[in-house]
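# Topology and contacts: notes
Listed below are the residues making up each chain.
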Amino acid sequence: MRWTLACAAALATFIPTFALPADYTADSGEVNIYSYRQPYLIEPLLKAFTEETGIKTNVIFASKGLIERIQAEGRNSPADVLLTTDIGNLSQAATSGIAQPITDEAIIAAVPAAYRAKDGAWVGLTRRGRVIYASKDRVEQDTITYEELADPKWRGKICIRSGQHPYNVALIAALIAAHGEDWTEEWLRGVKANLARKPAGNDRLQVKGVYAGECDLAIGNTYYMGKMLTDEKHPEQKDWANAVNVLFPNTDDRGTHVNLSGAVLAKNAPNKENAIKLVEFLASDKGQEMYADVNHEYPVKDGVRWSELVESWGTFKSDPISLNDIAALRKTASELVDKVGFDEGPSS
Ligand SMILES: [Fe+2]
């Protein structure tokens, strides 16, 4: 009853995802998922989960507002699990009081400590590297560091989306962790001076900028390479992707900055046991392979194979810093972006 009332207004967006399998029993129950991650990614995983456990899944997909919605629903929230990308969203969920600690041993054993909250408020489920897409025609070097993006040799040659985008905020936080705040401020000024144009658009459009000759380097997440190469609706993106090499920064020192997608167990989860079973599944070898494959991401669990396409970009060393530390430096990173006027572009 509580579920029906709470969701009456949301029926239009509330999608019971799959028909139940023949061996489904009412005892298996259900689990309610609020997802910032898109249906094409989540639906195959939930289908496999239901086949394995008999637990029915109900999903609300949205691109924003889910954390606020769980807050507003309060004790009556039907939400069991929140699925989202980015350490920004994961830590916002933790600080907004909608999470309860995940203490399940199987999940803790599967997810390395660097990729889950110290207090269990979130767990990472996939990793993505923030890499440099370098022009095949105009960039000869095959190694690079984030630090050298501020070198004047790249003047007018770098494309990047807004410095305030959470992907860049996390990257800048990683640089603060490595070098301190003052150094990072100077680095940001240097990168800003090297921009080819005002930061705008998404990661793919930065790669398009390289393809079009506007810049030689673009900063973007790894999975966009896979998305551009396999996006049949936008075949022109294959040309963008084929114009660049993926360079994993800092392979000779601390490694490439990684961000996460992950899960939060809702504080008032009405189906807590099933929610934990779902996260256990997503952190299992099978869940990890599927999760990473569909969106060209990297598993968080050690020893899980990578997809062939992802593997074709080469091995990379990920910065071992805990995402807890990145979360703690996000605010400072965002303030630095404003302080240097990064998003005003190279000419200001
Ligand atoms: Fe993305």
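Presented here is an overview of the structure given in this document.

### Observations regarding unusual backbone geometry
Although it is not a glycine, Asn250 sits at a positive phi angle of roughly 60°. With relative accessibility at 1%, the residue Asn250 sits in the buried group. One non-glycine residue, His296, lies in the positive phi region at around 60°.

### Regarding the coordination of the iron ion
Taken together, Tyr167 (OH), Tyr223 (OH) and Tyr224 (OH) make up the protein donors of the iron ion, found 1.9 to 2.1 Å from the metal. The motif formed by the donor residues of the iron ion, counted along the single chain, is Y-x55-Y-Y. Here Tyr167 is found in helix 6 (residues 166-179), whereas its partner Tyr224 is found in helix 9 (residues 223-230), with 57 residues between them in sequence. Residue Tyr167 is classed as buried on the basis of its relative accessible area of 9%.

### As for helix 11 (residues 272-283)
End to end, helix 11 covers 17 Å across twelve residues, agreeing with the expected 16 Å (1.5 Å per residue, within 8%). Every buried residue of helix 11 is accounted for by Asn274, Ala275, Leu278, Val279, Phe281, Leu282 and Ala283.

### Section: the packing of aromatic side chains
With the rule as written, the count across this model stands at seven aromatic pairs. Relative to Tyr224, the ring of Tyr223 lies with its centre 4.3 Å away and its plane at 45°, an arrangement referred to as tilted. Using a relative accessible area of 12% as the deciding quantity, one classes Tyr224 as buried. Measuring from centroid to centroid gives 4.9 Å for Phe248 and Phe316, while their planes differ by 10°, and the two rings are stacked.

### A few points about the side chain of Asp104
Relative to the helices and strands, Asp104 is located in the loop between helix 4 (87-95) and helix 5 (105-110). Buried and without a salt bridge, Asp104 has Lys272 as its closest oppositely charged side chain, separated by 9.8 Å. One polar contact links the side chain of Asp104 to the main-chain amide nitrogen of Ala106, over a distance of 3.3 Å. Not counting residues within four places of it along the chain, the set of residues in contact with Asp104 comprises Ile276 and Glu280.

### A word on the packing of helix 7 (residues 181-194) against helix 14 (residues 323-339)
Axes are the key here: two packed helices are described by the angle between their axes and the distance separating the axes. Between helix 7 and helix 14, the least distance of the axes is 10 Å, while the angle of their chain directions is 40°. By the angle class used here, helix 7 and helix 14 are oblique. Pair helix 7 / helix 14 crosses with right-handed handedness. Contacts between helix 7 and helix 14 involve Glu181, Thr184, Glu185, Leu188 and Arg189 from the former and Thr332, Leu336, Val337 and Lys339 from the latter. In terms of residue class, the contact of helix 7 with helix 14 is built from three nonpolar, two polar and four charged.

### Quick notes on the nonpolar core
Ranked by internal contacts, the top residues of the largest apolar core, which has 106 residues, are Leu82, Leu83, Trp122, Tyr133, Leu149 and Leu217. Sequence-distant contacts of Leu217, defined by excluding residues within four places in its chain, comprise Ile132, Tyr133, Ala134, Val139, Ile144, Leu149, Trp154, Lys157, Ile158, Cys159 and Val210.

### Observations concerning the pattern of salt bridges
Taken as a whole and assessed by the stated rule, the structure comprises 23 salt bridges. Taking the shortest distance from any N to any O, the salt bridge between Lys47 and Glu51 comes out at 3.2 Å. A residue pair is termed a helical-turn pair when its members lie 3 or 4 positions apart in one helix, as Lys47 and Glu51 do in helix 2 (residues 39-53) at four residues. With a closest N to O distance of 2.6 Å, Arg138 and Asp216 form a salt bridge. Here Arg138 is found in the loop between strand 5 (123-135) and strand 6 (158-159), whereas its partner Asp216 is found in the loop between helix 8 (203-211) and strand 7 (217-221), with 78 residues between them in sequence. Exposure remark for Arg138: the relative accessible area of 37% places this residue in the partly exposed category. Judged by its relative accessible area of 8%, Asp216 is buried. By sharing partners, the salt bridges in this structure join Glu147, Asp253, Arg254 and Asp319 into a single network.

The rules behind each value
Residues numbered from 1 in each chain as written. Predicted model: local features only at pLDDT ≥ 70, side-chain atom pairs only at ≥ 80, totals over all residues. Heavy atoms only, no water. Buried < 20%, exposed > 50% of the residue type's maximum accessible area, 1.4 Å probe, protein only. Donors = N, O, S within 2.8 Å, 3.2 Å for Na, K, Ca; no water. Helix = DSSP H or I, 4+ residues; strand = E, 2+ residues; numbered from the N terminus. Expected span 1.5 Å × (residues − 1). Phe/Tyr/Trp six-rings, centres within 6.5 Å; stacked < 30°, edge-to-face > 60°. Lys, Arg positive; Asp, Glu negative; His and termini not counted. Salt bridge = Lys/Arg side-chain N within 4 Å of Asp/Glu carboxyl O. Polar contact = N/O pair within 3.5 Å; in protein donor to acceptor, adjacent residues only side chain to side chain. Contact = heavy atoms within 4.5 Å. Axes fitted to C-alpha atoms, helices over the stretch in contact; angles between N-to-C directions. Parallel < 35°, antiparallel > 145°, perpendicular 65-115°, else oblique. Left-handed = near helix turned anticlockwise from the far one by under 90°. Nonpolar A, V, L, I, M, F, W, Y, C, P; charged D, E, K, R; others polar. Core = buried A, V, L, I, M, F, W, Y, C linked by side-chain atoms within 4.5 Å.

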